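Breakdown of the fold
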Amino acid sequence: LAIIAEVEGMDALLSDFRSFAALPQPIRAWADLRNIVEEAASVYASSYPEVIFSLTELAPGISLRVDRPQLKRALANLFTNSIEAMGGRGRVDIRADLVKASDSRYCRLTVRDNGPGVPADIRDKIFSPYFTTKSAGTGLGLAIVERIILDHGGSIRCESDEGAGAAFYIDLPLDH
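Below, the structure is looked at part by part. Everything numeric in this text was worked out from a predicted model, so none of it was measured. (Residues numbered from 1 in each chain as written. Predicted model: local features only at pLDDT ≥ 70, side-chain atom pairs only at ≥ 80, totals over all residues. Heavy atoms only, no water.)

It is worth spelling out the pattern of salt bridges at this point. Applying the stated criterion across every chain, the model contains ten salt bridges. Of the charged contacts, one joins Arg91 and Asp93 as a salt bridge, the two residues approaching to 2.9 Å between their closest N and O atoms. Judged by relative accessible area, Asp93 falls into the partly exposed class, the value being 25%. Among the salt bridges present, the one from Glu159 reaches Arg157, with a minimum N-O distance of 2.3 Å. Of the residues examined, Glu159 reaches a relative accessible area of 40% and is grouped as partly exposed. (Salt bridge = Lys/Arg side-chain N within 4 Å of Asp/Glu carboxyl O. Buried < 20%, exposed > 50% of the residue type's maximum accessible area, 1.4 Å probe, protein only.)

What follows is the structure, encoded as structure tokens:
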């Protein structure tokens, strides 16, 4: 039994590594952000009935030029982390804000959970490939998320207070 579990763990690691190493450049097309988030969340909402996905702060009609499957994958990785951190029950709030800075316009997508938060001493490591705090984790989930966002010309950061959840802020450009 231990050998089977170890082989399955290695298989997951290899699969994640292949995905990380072989992420293609995004093929962008205009897409409705709310629709992408709803699709990504619906998979988890049906599997985790004790997790509430709130999209009340995500206005319809925000269109971005993105690679739809890649953005869904990034969201899925974030949702997976939130669900695992919350032990399969809690709340994930997703919101979007349009921001105009002096030299750019972007959409800030926020994914916030009410789990235990990310400890301060590891916060600067969470996007590093192969860094994990999970016994069965590969440490590639957030590295893949960051890579997808960077490949879209965006940025991602995490803010967290231990015991009060974590928030991931994804800034995606509106101008290309």
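Next comes the rest of the account.
Further remarks concern the nonpolar core. Nonpolar side chains tend to gather and get buried jointly when the protein is soluble and globular. Membership of the largest hydrophobic core comes to 46 residues, with the highest contact counts inside it found for Leu33, Phe53, Phe79 and Ile94. If you tally residues by element for this core, the top one is helix 3 (residues 68–85), at seven residues. Each residue touching Phe53, except ones within four places of it in the same chain, is listed here: Ala41, Tyr44, Ala45, Phe79, Ile83, Val92 and Ile94. (Core = buried A, V, L, I, M, F, W, Y, C linked by side-chain atoms within 4.5 Å. Helix = DSSP H or I, 4+ residues; strand = E, 2+ residues; numbered from the N terminus. Contact = heavy atoms within 4.5 Å.)

A few words on the sheet that holds strand 2 (residues 51–57). Spatially, five strands are ordered 2-4-5-7-6 in an open sheet, and the strand pairing comes out mixed. Only two strands of the sheet have a single neighbouring strand rather than two, namely strand 2 and strand 6 (155–160). Pairwise comparison of adjacent strand axes, ignoring direction, gives a mean angle of 20° for this sheet. The strands touched by helix 2 (residues 33–47) are strand 2, strand 4 (90–100) and strand 5 (105–113); relative to strand 2, the strand with the most contacts, the crossing angle is about 165°. (Pairing = 2+ DSSP bridges. Axes fitted to C-alpha atoms, helices over the stretch in contact; angles between N-to-C directions.)

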